[in-house]
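Read off the chains here:
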Amino acid sequence: DVSSPKHGKVDPDNMPHVGGNMWAGGTGGRDTAGLGGKGGPYRLDAGHRVYQVSQAEKDAVPEEVKRAAREMGEKVFKQRLKEIQMSEYDASIYERFSGAVRRQVQSLRIILDNLQ
């Protein structure tokens, strides 16, 4: 079960973590920032294969946990914007232009990764 969203511990060795309720950047877990899990405050990609929990499990997360996760994610987002001296307006403009070329950038990243 989910309890409350949190960032989670950072693994200094960046080992892949699947499931659980401890590691930031893990996949398929709960309550922590990562990918493919449920109840976490925001997405955090540590570069590992993503294991996805079912949509039914995500839908079963209590509304108060979803709300707390959204609030925490928004707070971290605003804090990060402040750190990089970017306004919310700047972020929305960046997202608009970035979104227009996202697929092309992803394709280029795949090509460059294969060349390496």
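Residues numbered from 1 in each chain as written. Predicted model: local features only at pLDDT ≥ 70, side-chain atom pairs only at ≥ 80, totals over all residues. Heavy atoms only, no water.

**Q** I'd love a proper account of the pattern of salt bridges, names of residues and values included.
**A** One pass over the structure, following the stated rule, counts six salt bridges. A salt bridge links Arg70 to Glu63; the shortest N-O distance between them is 3.2 Å. Judged by relative accessible area, which is 41%, Glu63 ranks as partly exposed. (Salt bridge = Lys/Arg side-chain N within 4 Å of Asp/Glu carboxyl O. Buried < 20%, exposed > 50% of the residue type's maximum accessible area, 1.4 Å probe, protein only.)

**Q** Please provide a residue-by-residue account of the packing of aromatic side chains, values included.
**A** In this description, an aromatic ring pair is defined by two values, namely the gap between the centres and the angle between the planes. All told, the structure shown has zero aromatic pairs when counted by the stated rule. Its end group placed over the ring of Phe97, Arg96 keeps NZ or CZ at 4.9 Å from the ring centre. (Phe/Tyr/Trp six-rings, centres within 6.5 Å; stacked < 30°, edge-to-face > 60°. Lys NZ or Arg CZ within 6 Å of the ring centre and 35° of its normal.)

**Q** Got a sec to walk through the side chain of Lys38? Specific residues and values, please.
**A** Looking at the element boundaries, Lys38 is found in the loop between β2 (34-35) and α1 (55-59). Among the residues examined, Lys38 registers a relative accessible area of 18% and is labelled buried. Residues contacting Lys38, with those up to four places away along its chain left out, are Val2, Gly29, Arg30, Asp31, Val53, Glu57, Lys58 and Val61. (Helix = DSSP H or I, 4+ residues; strand = E, 2+ residues; numbered from the N terminus. Contact = heavy atoms within 4.5 Å.)

**Q** Account for a nonpolar patch on the surface, naming residues and giving values.
**A** Nonpolar side chains collect at one region of the surface, where Leu108, Ile111, Leu112 and Leu115 lie side by side and expose about 420 Å² of accessible area between them. Looking at where Leu115 falls in the secondary structure, it is placed in helix α3 (residues 88-115). We classify Leu115 as exposed; its relative accessible area is 67%. (Patch = residues over 30% accessible without salt bridge, like charges linked within 9 Å, V, L, I, M, F, W, Y side chains within 5 Å. Areas by Shrake-Rupley, 256 points an atom, 1.4 Å probe, with all protein chains shown as cover.)

**Q** Account for the environment of Gln116, naming residues and giving values.
**A** Take Gln116: it is sitting in the segment after α3. Separated by 59 residues in the primary sequence, Gln116 and Glu57 place their C-alpha atoms 38 Å from one another.

**Q** Any chance you could break down the confidence of the model for the protein chain for me, citing the residues and the numbers?
**A** Per-residue pLDDT for the protein chain has a mean of 95; in total, 100% of the residues score no lower than 70. Confidence scores differ between elements of the protein chain, with α1 showing the lowest mean pLDDT of 94 and α3 the highest of 97. (pLDDT = per-residue confidence, 0-100.)

**Q** Can you break down unusual backbone geometry residue by residue, with the values?
**A** In this model, Asp31 sits at a positive phi of 70°, which is unusual for a non-glycine residue. Mapped onto the secondary structure, Asp31 falls in the loop between β1 (26-27) and β2. Overall, the relative accessible area of 0% leaves Asp31 in the buried class. Of note in this structure, Gln85 is not a glycine but carries a positive phi near 55°. Along the chain, the position of Gln85 falls in the loop between α2 (63-83) and α3. Residue Gln85 is classed as exposed on the basis of its relative accessible area, which comes to 74%.

**Q** Residue-level account of the environment of Leu108, with values.
**A** By secondary structure assignment, the location of Leu108 is in helix α3. Take Leu108: its relative accessible area is 48%, and that puts it in the partly exposed class. In this structure, the C-alpha to C-alpha distance between Leu108 and Gln55, residues 53 residues apart in sequence, is 30 Å.

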